[in-house]
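Here are the chains, one letter per residue:
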Amino acid sequence: MTSVHPAPSVQMLFPCDPFNKRLADEAYGEEYDAARVAGFACSLFSFEDFEAGQFKAQPALAAGVTVLYRGWMLTPDGYARLHQALAGQDCAMLTSPAQYRHCHYLPEWYALCEEFTPETVIVARDADFAAAVEGKNWPAYFVKDYVKSLTTQRGSVAATPHEIAEVVGLIERYRGALEGGVCIRKFEQLQADSEERYFVLRGQAFGRDGTVPALVHALASRIDSPFFSVDVVASSEGTLRLIELGDGQVSDRKQWPVKRFMEMLDSRPA
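Reading guide: rules and limits
- Residues numbered from 1 in each chain as written.
- Predicted model: local features only at pLDDT ≥ 70, side-chain atom pairs only at ≥ 80, totals over all residues.
- Heavy atoms only, no water.
- Helix = DSSP H or I, 4+ residues; strand = E, 2+ residues; numbered from the N terminus.
- Buried < 20%, exposed > 50% of the residue type's maximum accessible area, 1.4 Å probe, protein only.
- Contact = heavy atoms within 4.5 Å.
- Areas by Shrake-Rupley, 256 points an atom, 1.4 Å probe, with all protein chains shown as cover.
- Lys, Arg positive; Asp, Glu negative; His and termini not counted.
- Charge placed at Lys NZ, Arg CZ, Asp CG, Glu CD.
- Phe/Tyr/Trp six-rings, centres within 6.5 Å; stacked < 30°, edge-to-face > 60°.
- Axes fitted to C-alpha atoms, helices over the stretch in contact; angles between N-to-C directions.
- Parallel < 35°, antiparallel > 145°, perpendicular 65-115°, else oblique.
- Left-handed = near helix turned anticlockwise from the far one by under 90°.
- Nonpolar A, V, L, I, M, F, W, Y, C, P; charged D, E, K, R; others polar.
- Pairing = 2+ DSSP bridges.
- Polar contact = N/O pair within 3.5 Å; in protein donor to acceptor, adjacent residues only side chain to side chain.
- Salt bridge = Lys/Arg side-chain N within 4 Å of Asp/Glu carboxyl O.

Undergrad: Help me understand the overall build of the protein chain, please; the structure alone is not making it clear to me.
TA: Within the protein chain one finds 9 helices and 14 strands. Counting over 270 residues, the protein chain shows a buried share of 49%. Within the protein chain, counting contacts between residues at least 6 apart in sequence, those at least 24 apart form 68% of the total. Here the protein chain displays about 13,200 Å² of accessible surface, and carbon together with sulfur accounts for 49% of that area. Averaging the positions of the 26 positive and the 36 negative side-chain charges in the protein chain gives two centres separated by 3 Å.

Written as structure tokens, this is what we have:
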């Protein structure tokens, strides 16, 4: 039986293999193959060429299609350049540059989600970090930039306000640069191995096993984006806590089977 798609004009765009532009990048090969089997029109492009200022999709994108990108994370400026490149071919991306930034940068969504997520102080790179958290008396401090934390063995937790600068310096060392500014988050005790990723597509929330908690449903109506990810973890008391939002186009599937992921992309709005 042929699959009936809710939006036949949606075309998926994946990065190609750096050494063979006819193949999808190995990291996205499974999704690319599954998308084609599911009946989606798919194109490839060279991410390396794009970063050098050139964009060419193979097969060429049809004028008027809406493009769903599945590929490497971009800065908001980089995403805006991709959006502009597609606009030059009479195509529109599912997610606008403003919507991408809204989910990609923690300060953009934090005010809308404060009751669900650890308290956060947002400061510039050259701020006095200890002064910024003076009087908070938090048990510890989780430190990240606007997008990511420190993933080395040292980790992103500062035991004291004076260790915050150390973590910031290590983020710069290992990631090359700090993106945006510094987010200092209240450390909360969380249950190990309880993290779960959900997706929201066109206002409808999805879970990999078909269940979605109330917290994610609440965010589906608050966040101005057609496609984003929601990472939730259980606290030591069992309360669900929002850890991160992300643009759905550049969010890993994590534990989602590729078939379930494609079923979500192929779904009609509720």
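Undergrad: Help me understand the packing of aromatic side chains, please; the structure alone is not making it clear to me.
TA: Two numbers describe a pair of aromatic rings. These are the distance of the centres and the angle of the planes. For the coordinates displayed, the defined rule picks out 14 aromatic pairs. Measuring from ring centre to ring centre gives 5.2 Å for Tyr 28 and Trp 72, while their planes differ by 80°; the resulting arrangement is edge-to-face. Placement of the pair is Tyr 28 in the loop between strand S2 (20-24) and helix H1 (29-37) and Trp 72 in the loop between strand S5 (66-69) and helix H3 (76-87), with a sequence separation of 44 residues. The class for Tyr 28 is buried, based on a relative accessible area of 7%. Residue Trp 72 is classed as partly exposed on the basis of its relative accessible area, which comes to 34%. With centroids separated by 6.3 Å and ring planes inclined at 90°, the aromatic side chains of Trp 256 and Phe 261 adopt a geometry described as edge-to-face. Taking the relative accessible area as the measure of exposure, Trp 256 reaches 2% and is therefore buried.

Undergrad: Which parts of the structure should I look at to understand the packing of H3 against helix H4 (residues 97-104)?
TA: For any two helices packed against each other, one specifies the crossing angle of their axes together with the interaxial distance. In contact at an axis separation of 9 Å, H3 and H4 are set at 155° when each is read in the N-to-C sense. Judged by the angle between their axes, H3 and H4 are roughly antiparallel. Crossing of H3 over H4 shows right-handed handedness. Here Pro 76, Tyr 79, Ala 80 and His 83 of H3 lie close against H4, whose contacting residues are Pro 97, Tyr 100, Arg 101 and His 104. For the contact of H3 with H4, a count of residues per class yields 5 nonpolar, 2 polar and 1 charged.

Undergrad: Before we go on, may I ask you to explain the sheet that holds strand S11 (residues 196-201) in this structure?
TA: Whenever strands of a sheet pair, they do so through backbone hydrogen bonds, lying parallel or antiparallel. One open sheet accounts for 4 strands, arranged S12-S11-S13-S14; its pairing is antiparallel. Each edge of the sheet is formed by a strand with only one pairing partner; in this case those strands are strand S12 (204-206) and strand S14 (240-247). Ignoring strand direction, the axes of neighbouring strands in this sheet form an average angle of 25°. Examined bridge by bridge, S11 and strand S13 (residues 227-234) share 6 bridges and lie antiparallel to one another. Of the residues in S13, the one forming a bridge with Val 200 is Phe 228. With respect to the sheet, helix H9 (residues 258-265) is in contact with S11, S12 and S13, its orientation differing from that of S11 by roughly 25°.

Undergrad: I would appreciate a short explanation of the side chain of Thr 117 in the present structure.
TA: Among the secondary structure elements, Thr 117 is positioned in the loop between helix H5 (106-109) and strand S7 (120-123). On the accessibility criterion, Thr 117 (1% relative accessible area) is buried. In this structure the side chain of Thr 117 is engaged in a polar contact, spanning 2.6 Å, whose partner is the side chain of Arg 185.

Undergrad: Mind showing me how you'd approach the pattern of salt bridges here?
TA: Any two side chains of opposite charge can pair, on the condition that their charged atoms come close. Scanning all chains against the criterion turns up 17 salt bridges. Taking the shortest distance from any N to any O, the salt bridge between Lys 136 and Glu 119 comes out at 2.6 Å. Note that Lys 136 is positioned in the loop between helix H6 (129-132) and strand S8 (141-144) and Glu 119 in the loop between H5 and S7, a separation of 17 residues in sequence. Owing to a relative accessible area of 30%, Lys 136 belongs among the partly exposed residues under this scheme. Of the charged contacts, one joins Arg 241 and Glu 188 as a salt bridge, the two residues approaching to 2.8 Å between their closest N and O atoms.

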